[in-house]
Amino acid sequence: MEYLWLILAGIAAFFVAWNNGSNNAANAIGTVVGAGALSLRRALIVAAVFDFLGAIIFGQFVSRTIMKGIVSIELISSYMTVVKGMIAALLATGIWVLISSWLRIPMSISEGIVGGVVGFGLAIGGSLIRWGTVAIIVTAWVVLPAFSALVALALYFVYERMFKSVKLLPYVVISSMFIMVFSTIFLLMVKTMKLKDILYVLTVSVGAGIVSVLFMAAYIYGYVRRKVSIDERRELIRLLLIVAAAAMAFSHGANDVANSAGPLSAVIVAISYGYIPRVVEISFTALAFAALGIAIGIVSWGHRVVETIGERITTLTYSSAFTAQLAASLSVLILTRLGLPVSTTIAIVGSVAGVGLARGIKAVNLRVLGRIFLAWFVAFPAVAAMAVMIYYLLTPI
């Protein structure tokens, strides 16, 4: 019977991961497709590959928060209570995100799964919910779109000026490449504030940044500048935008794989031990399984929400799309490394709105933004309520 519960948990986790990929693919490639830098098909492949890599390499950080940081599951006497509760949280999240994708609304999967886990906590009385952690997470959700918009607004004015200089543009592209690769590796690798650890991570991050710069420089001077027929300025910004999209996909995988892998790991641990130990590690099998689900979701139905991010909030050019992508990626990476299940959806919507506001309030479709924010506002309590109902339905089994 326990194996049947494990299979059900796997199905529920894959359901959430698939929905995660299909809805949140837009976070990484919506700007790329909206600006016309890549075809939808190619953009989906880029998102799937880098999302999978980010999930496998760095997904364990936020997964721990989802698994044990919201509800103190180690204090629950019956391990089957944990199993049923996590399955309820997964199913509730998957249903909500599926509805959102059908309506073409970019949905925060992190918001859904946190709501689902809180709903499970409420179903068993509420005393084991770590409300302090929940308050911090919710605060991060509120702060993130504004923070991301402000970062995008600041970067927009900086990059718009630099992108206008054809002479300086190759150096701007190369330096931006270094910043993206360095910040991604550094923020995801650094684990402690010890000097020894920081120096090690710094060395790896700088090395990765230098390697990426060499490849980009070789491509620019070996290919782009030999093609007389292409607009060099436009091509260089396009390259930068594609790299920014890949970095965002990598960040999304690192953060959002937790939405499936965290609850699934809790179920695996509960069934394996018959109780929840105080110190546990995230199952690599759960990470890989969830990462695969996200990648399949991106490729199979990822086109559904891309238009909303890429075209309906504001009109994007190569340069503004890059600025939005970079701002969102940096915002997510910082909060991800703090262990917070923040939303790449919230970040990219905020940054896209930010570059739109840089051109004036009329450049932003406020009706679309209002619809998105309303869906976000309703998501947390709605998923929590669904999780409570599903838990009660599973309890007699």
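Parameters at a glance
- Residues numbered from 1 in each chain as written.
- Predicted model: local features only at pLDDT ≥ 70, side-chain atom pairs only at ≥ 80, totals over all residues.
- Heavy atoms only, no water.
- pLDDT = per-residue confidence, 0-100.
- Helix = DSSP H or I, 4+ residues; strand = E, 2+ residues; numbered from the N terminus.
- Core = buried A, V, L, I, M, F, W, Y, C linked by side-chain atoms within 4.5 Å.
- Buried < 20%, exposed > 50% of the residue type's maximum accessible area, 1.4 Å probe, protein only.
- Salt bridge = Lys/Arg side-chain N within 4 Å of Asp/Glu carboxyl O.
- Expected span 1.5 Å × (residues − 1).
- Arc of directions from axis to C-beta.
- Contact = heavy atoms within 4.5 Å.
- Patch = residues over 30% accessible without salt bridge, like charges linked within 9 Å, V, L, I, M, F, W, Y side chains within 5 Å.
- Areas by Shrake-Rupley, 256 points an atom, 1.4 Å probe, with all protein chains shown as cover.
- Axes fitted to C-alpha atoms, helices over the stretch in contact; angles between N-to-C directions.
- Parallel < 35°, antiparallel > 145°, perpendicular 65-115°, else oblique.
- Left-handed = near helix turned anticlockwise from the far one by under 90°.
- Nonpolar A, V, L, I, M, F, W, Y, C, P; charged D, E, K, R; others polar.

## Topic: the confidence of the model for the protein chain
Next up, step 1: For the protein chain, the average pLDDT comes to 88, and 94% of its residues sit at 70 or higher.
Next up, step 2: Between the elements of the protein chain, mean pLDDT differs from a low of 65, seen in helix H3 (residues 60-69), to a high of 96, seen in helix H4 (residues 79-102).

## Regarding the nonpolar core
Next up, step 1: Grouped together as the largest cluster of nonpolar side chains are 147 residues, with contacts concentrated most on Ile73, Val83 and Phe322.
Next up, step 2: In terms of residues, this core owes the most to one element, helix H15 (residues 366-394), which gives 15 residues.

## Some remarks on the pattern of salt bridges
Next up, step 1: Summed over the entire model, instances satisfying the criterion amount to 2 salt bridges.
Next up, step 2: Among the salt bridges present, the one from arginine 130 reaches glutamate 74, with a minimum N-O distance of 3.1 Å. Pair noted here: arginine 130 is in the loop between helix H5 (109-123) and helix H6 (131-163) and glutamate 74 is in the loop between H3 and H4, with a separation of 56 residues, a long-range link.

## What about helix H2 (residues 40-58)?
Next up, step 1: Between its first and last C-alpha, H2 extends 26 Å over 19 residues, near the 27 Å set by a 1.5 Å rise per residue.
Next up, step 2: Among all positions of H2, only Ala43, Leu44, Ala47, Ala48, Asp51, Gly54, Ala55 and Phe58 are buried. Buried residues in H2, looked at end-on, bunch into an arc of 150°, giving them a common side. Summarising the geometry of H2, the exposed residues directed more than 90 degrees from the buried face are Arg41 and Arg42.

## A word on unusual backbone geometry
What you tend to see is this: most non-glycine residues have negative phi, and most peptide bonds are trans.
Next up, step 1: A positive phi angle is found at arginine 104, which is not glycine, with a value near 60°.
Next up, step 2: Looking at arginine 104, the relative accessible area reads 28%, which means it is partly exposed.

## Structural notes on the environment of methionine 107
Next up, step 1: Along the chain, the position of methionine 107 falls in the loop between H4 and H5.
Next up, step 2: Residues methionine 107 and serine 283, spaced 176 residues apart in sequence, show a C-alpha to C-alpha distance of 26 Å.
Next up, step 3: Leaving out residues up to four positions away in the same chain, methionine 107 has contacts with Asn23, Asn24, Trp96, Val97, Ser100, Thr345, Ala375, Trp376 and Ala379.

## Considering a nonpolar patch on the surface
Next up, step 1: A contiguous nonpolar surface patch, about 560 Å² in accessible area, is contributed by Met1, Leu4, Ile7, Ile11 and Ile397.
Next up, step 2: Turning to its location among the elements, leucine 4 is positioned in helix H1 (residues 2-35).
Next up, step 3: You can call leucine 4 exposed: its relative accessible area is 55%.

## A closer look at the packing of H2 against helix H11 (residues 284-301)
Next up, step 1: Closest axis-to-axis distance for the H2/H11 pair is 9 Å, and the angle between their directions is 170°. By the angle between their axes, H2 is roughly antiparallel relative to H11. With respect to the hand of their crossing, H2 and H11 are arranged in right-handed fashion. Where H2 abuts H11, its residues Leu44, Ala47, Ala48, Asp51, Phe52, Ala55 and Ile56 lie against Phe284, Leu287, Ala288, Ala291, Leu292, Ile294, Ala295, Ile298 and Val299.
Next up, step 2: When the residues that make up the contact of H2 with H11 are grouped by side-chain class, the tally is 15 nonpolar, no polar and 1 charged.

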